[in-house]
Amino acid sequence: MASPMRSLLTDPARYLQSFRLFLANSTEHQSMREFMERQLPAVVASVGNGKSTINILSVGGGAGEIDLLILSKVQARYPGVAINNDVVEPSADQISKYKERVAGTSNLENVKFTWHEETAYEYESRMNAEKKPKKWDFIHMIQMLYYVKDVPATIRYFHSLLEGQAKLLIILVSETSGWETLWKKFGSSLPLDDLCSYVSSANIKRILDSAGMKYQLHELPSHMDITSCFIEGNKDGELLLDFLTETYEFSKTAPSELKRQVMEELQKPGCSKKRDGKVLFNNNLSVIVIDP
C-alpha cells in the first residue's frame, strides 16, 4: 500500500503554523540576531563604498524580522544613503506580515521596499526574460535553499548578480546540527519531493569549493525545545514533528515503526541533549559569506 505520508509543504497554512512554532520554540532568530549585531557590520563594511544608492536583494525574506535588522546595520555603516530593498518571497501571508512590520518600524525613510511574490526560480526566469539583469550590492538567502530545485544553479545565478564589492550571504543548517543526523538517516523514508530537499553547510561548501568561490564560514550555536514532541496527543508537539520531518501530520500518517525510530533518534546525542527535564534539539546554523 502506498504511504499516505505527504510533504508538509502541500499544506502551506500548516507549514506556516509549524514554522512559526519552530521560531517560538528555538533560539534560531536570537542566534541570527547575535550574528547580525556582532559580525554583520564587518561583512557589509564596503558593499556601499562610493554608491549613491545601495541595492539589496532578499531571497526568501519571510516576514522581514531579520531583513530589517540587516537594513539597520547597512544604514549604520552608510548613514543617509538611499537603499533599494527588493524582497523575493512566495508566501503572500509572509509578505503581508513583512509590510506590517515595515509600517511599524521607524528610521526607514531612506529605504524603498519592493516585494515580489514569487520563488527564487520565478524571479530568475522573469529577469532572464527581461534580459536586463540587475546587479546587487548585497544579496542574502536565509534558510531558503531547501526549497529550490537546483541548489548549485541557484547559488551560481545569484552570485552572478553581485557588484564588484558586493557579498552574498547564505544561512542554513550546519552539518553539526541534529538536522544532518535526522535527515541523513530518515530522508529516504520521508515524503521529500521537489518542494523540499535536505541541504546543510556541508553541501554548500562542496558547491562553492568546486566552483572556486571564495567564502568565509561562521558557525552559530542554536537549539529548539522539542520536549512537547514526546507528550502523546500534544498539538504543539505534533506540529514540531511535522516541521522536523517536513511531513504533514507525521504522527498520524507515518508507519508506526518509522515513527518509533524517529522518536528514538530525536532523543539521541546526535540530535539533541537533555537539560533540566527538556529535550533540546541541536539547531546549529552556518553563515556563509561569499565574495564576488
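For clarity, every value in this text was computed on a predicted model and none was experimentally measured.

(A) Layout of the side chain of Gln75. Topologically, Gln75 is positioned in helix α4 (residues 65-77). Apart from residues lying up to four places away in sequence, Gln75 is in contact with Ile83, Asn107, Leu108, Asn110 and Val111.

(B) Structural view of the pairing of strand β1 (residues 53-59). With 6 of 7 residues buried, β1 is to be regarded as a mostly interior element. Of the pairings in the sheet, the one linking β1 to strand β2 (residues 82-88) comprises 7 bridges and is parallel in character. Bridge pairing in β2 links Ser58 to Val87. With respect to chirality, the unit in which β1 leads through α4 into the neighbouring parallel β2 is right-handed. Here β1 runs beside strand β4 (residues 136-142); their pairing, made up of 4 bridges, is parallel. Looking across to β4, one finds that Ser58 is bridged to His140.

(C) Highlighting the sheet that holds strand β7 (residues 223-225). Taken together, the 3 strands give an open sheet; going across it, the order is β7-β9-β8, and neighbouring strands pair in antiparallel fashion. Edge positions in the open sheet fall to β7 and β8 (272-275), since each of these has one partner strand only. Across this sheet, the average inter-strand angle for adjacent strands is 30°, counted without regard to direction. As judged from the 3 bridges shared by β7 and strand β9 (residues 278-282), these two strands associate in the antiparallel manner. The residue of β9 that forms the bridge with His223 is Asn282.

Procedures and definitions
- Residues numbered from 1 in each chain as written.
- Predicted model: local features only at pLDDT ≥ 70, side-chain atom pairs only at ≥ 80, totals over all residues.
- Heavy atoms only, no water.
- Helix = DSSP H or I, 4+ residues; strand = E, 2+ residues; numbered from the N terminus.
- Contact = heavy atoms within 4.5 Å.
- Buried < 20%, exposed > 50% of the residue type's maximum accessible area, 1.4 Å probe, protein only.
- Pairing = 2+ DSSP bridges.
- Right-handed = clockwise from strand over helix to strand, strands pointing away.
- Axes fitted to C-alpha atoms, helices over the stretch in contact; angles between N-to-C directions.

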